[in-house]
Amino acid sequence: MGGSIQLLTVRGISIRMHLTFPLILIWAMLQFGAFSGLGWSGALFGALATLLLFAIVVLHELGHSVAAQHYGVPVNEIVLLPIGGVAQLKYIPEKPIQEFVIAIAGPAVNIVLAVILYVLNRVFGVGGTLQDPTTMIFGFGQLNVDSMFNYIFTVNLFLAGFNLIPAFPMDGGRVLRALLASRMEYGRATAVAVSIGQSLAWLIGLWGFLNGGFFLILIAIFIYMGAGYEGQSVELRRVLGKLTVRQAYSRQAQTLAPNASLRDAIDRTLQSLQADFPICDGERLVGLLTNKQLVQALDRHPPETPVSAIMTRDVQPATPGDSLFDVQQRMTEQQLDAVPVVEGGRFVGLLTLRDVGEVFRIASTRPDLLTETART
Ligand SMILES: [Zn+2]
């Protein structure tokens, strides 16, 4: 991830800190120092506590990562952001038991840590009297061992509890989906988990609204949107995963010859529905001129410039037999609006995001109609 620096590597996973991270340290020093009236000793407590908090977050993310690696899922990196940590798994397995173990492994780390701390406290008296967790979260820590112990204990309880809220994008949402998916089809399990998550978000938001909890309302919005996003991405994979590029691409796409001018490209853009143009030498694809490239080129080049001077040459075309889901994912990753389609070395058409959107909507409602048109 851009804008982050590497801290260390554990089990081949690079642990990185985002450059905005120091902001949260400053915030914590203000919160624990200035706002609580404890001055510099409070600020120092805030800084130490926050560093420990993020060490615990790293352990939580390592819990997910080690479980994922156990199932052969590659983990790229763990990034620490001001809002928490993210372990970047290459993919999330659809097997319920695997998703369940990976999702629960993070909160399980916090529960184990909390139990260890509780035993240390009860048996050996470490940390003195356990305090009311709410006073710790809102930051009134004295700079001493007992206070820090209480803070760390509270943080582990909070992280376990918060992440186990049964709603996407929380770990609890994945746990819930995995449990449902062991009894029903994956897409259906996701849909049920999404509605449960969104209903919970409404309840949390309403609670926040009635009690003047602005922070709770923000959390509710975050959960509501995260749940919707997970539902959409699973639906997209379910629908597009069954289709191929052949069922979606435009056969009547217009092309330009390499020696066509930028002026020609503008004329075509205005006269057709098309914005991106494959550049073809006869039937052979030699490049792609995107609308963005065309507009940028007009700033610097005269309209008579040939498109071959501007176009992208290393285009990775799709073939009609490619999975539509795979190509759509690549278009999203590489921010492409259109991909040329090539069969047997011959240019046959263009797949645009609009084509993908159209076929997605039809396939979601009447997949039977789609198979008919695809045969022609
Ligand atoms: Zn987690």
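Residues numbered from 1 in each chain as written. Predicted model: local features only at pLDDT ≥ 70, side-chain atom pairs only at ≥ 80, totals over all residues.

A few points about the overall build of the protein
No. 1: A count of helical and extended segments in the protein gives 13 helices and eight strands.
No. 2: Relative to the 2.2 N^0.38 estimate, which gives 21 Å for 376 residues, the radius of gyration of the protein is 27 Å and therefore markedly larger than a compact globule would have.
No. 3: Overall, the C-alpha framework of the protein stretches about 80 × 50 × 45 Å when taken along its three principal axes.
No. 4: Residues counted as buried form 33% of the 376 residues belonging to the protein. (Helix = DSSP H or I, 4+ residues; strand = E, 2+ residues; numbered from the N terminus. Rg over C-alpha atoms; globule rule 2.2 N^0.38 Å. Buried ≥ 20, exposed ≤ 12 C-beta atoms within 10 Å, placed from the backbone.)

Quick look at the domain arrangement of the protein
No. 1: By the assigned domains, the protein splits into domain 1 (1–164), domain 2 (167–240) and domain 3 (245–375).
No. 2: Centre-to-centre separation of domain 2 and domain 3, based on C-alpha positions: 36 Å.
No. 3: Taken together, the contact between domain 2 and domain 3 spans four residues of the former and six residues of the latter.
No. 4: The class makeup of the residues in the side of domain 2 that touches domain 3 is three nonpolar, no polar and one charged. (Domains from an automatic or database assignment. Contact = placed C-beta atoms within 7 Å. Nonpolar A, V, L, I, M, F, W, Y, C, P; charged D, E, K, R; others polar.)

Quick look at helix α6 (residues 171–181)
No. 1: In terms of burial, α6 is largely enclosed, as nine of its eleven residues are buried.
No. 2: Listed as buried for α6 are D171, G172, G173, R174, V175, L176, R177, A178 and A181.
No. 3: Close packing links the buried residues of α6 with α3 (96–124), α5 (145–163), α7 (186–210) and α8 (214–240).

Some details on the pairing of strand β6 (residues 284–289)
No. 1: Two elements, strand β5 (residues 277–281) and β6, share five bridges in a ladder whose sense is antiparallel. Within β6, the residue paired with P278 across the bridge is L288.
No. 2: Two successive antiparallel strands, β5 and β6, enclose a turn made up of two residues, where G282 displays a positive phi of approximately 70°. (Pairing = 2+ DSSP bridges.)

Details of the nonpolar core
No. 1: Of all hydrophobic cores here, the largest spans 51 residues; its most connected members are V58, A167, A201, I223 and A227.
No. 2: Both domains that meet at this core, namely domain 1 (1–164) and domain 2 (167–240), each give it at least three residues.
No. 3: Once residues lying within four places of it in the same chain are set aside, the contact partners of I223 are A167, G197, L200, A201 and I204.
No. 4: Listed in part, the 21 residues of the second largest apolar core include L243, A338, F347 and V356. (Core = buried A, V, L, I, M, F, W, Y, C linked by C-beta atoms within 7 Å.)

Describing the confidence of the model for the protein
No. 1: Considering every residue of the protein, the mean pLDDT works out to 84; 93% of them sit at 70 or more.
No. 2: Considering only residues more than four positions removed or in separate chains, one finds that residues 372–376, a stretch of pLDDT under 50, has two contacts. (pLDDT = per-residue confidence, 0-100.)

A few points about the packing of helix α9 (residues 262–271) against helix α10 (residues 291–300)
No. 1: Two elements in contact, α9 and α10, have axes separated by 11 Å at closest approach and are oriented at 130°. Compared by their axis directions, α9 and α10 come out oblique. Here α9 runs over α10; the crossing is left-handed. Residues L262, A265 and T269 of α9 form the contact with α10, whose own contacting residues are N291, L294, A297 and L298.
No. 2: A per-class count over the contact of α9 with α10 returns five nonpolar, two polar and no charged. (Axes fitted to C-alpha atoms, helices over the stretch in contact; angles between N-to-C directions. Parallel < 35°, antiparallel > 145°, perpendicular 65-115°, else oblique. Left-handed = near helix turned anticlockwise from the far one by under 90°.)

As for the packing of α6 against α7
No. 1: Two elements in contact, α6 and α7, have axes separated by 8 Å at closest approach and are oriented at 140°. In terms of orientation, α6 and α7 fall into the oblique class. Crossing hand, α6 versus α7: right-handed. Contacts between α6 and α7 involve G173, L176, R177, L180 and A181 from the first element and Y186, A189, T190, V192, A193, I196 and G197 from the second.

Some remarks on the environment of V245
No. 1: Among the structural elements, V245 can be located in the loop between α8 and α9.
No. 2: C-beta crowding within 10 Å serves as the criterion here: with 26 such atoms nearby, V245 is assigned to the buried category.
No. 3: Separated by 28 residues in the primary sequence, V245 and L273 place their C-alpha atoms 20 Å from one another.
No. 4: Apart from the residues lying within four places of it in its own chain, the contact partners of V245 are A318, T319, P320, D322, L324, V327, V341 and L351.

Some words on the sheet that holds strand β3 (residues 75–81)
No. 1: Read from one edge to the other, the open sheet built from four strands follows the order β1-β2-β3-β4, with strand pairing classed as mixed. Only two strands of the sheet have a single partner each, and these edge strands are β1 (4–10) and β4 (84–89). Across the sheet, the axes of successive neighbouring strands diverge by a mean angle of 20°, strand direction being ignored.

What to know about unusual backbone geometry
Phi is mostly negative for residues that are not glycine, and the peptide bonds are mostly trans.
No. 1: Following F168, the chain continues into P169 via a peptide bond in cis, with omega recorded as 0°.
No. 2: Take P169: it is sitting in the loop between α5 and α6.
No. 3: Of note in the backbone geometry, R11 takes a positive phi value of approximately 50° without being a glycine.
No. 4: Positive phi, normally seen in glycine, also occurs at Q335, with a value near 55°.
No. 5: Among the secondary structure elements, Q335 is positioned in the loop between α11 (324–333) and β7 (338–343).
No. 6: A count of 8 C-beta atoms within 10 Å places Q335 in the exposed class.

Focus: the environment of A181
No. 1: With respect to the secondary-structure elements, A181 resides in helix α6.
No. 2: Along the chain, A181 and I97 lie 84 residues apart, while their C-alpha atoms are 9.2 Å from each other.
No. 3: Setting aside residues up to four positions removed in sequence, A181 forms contacts with P96, Y186 and A189.

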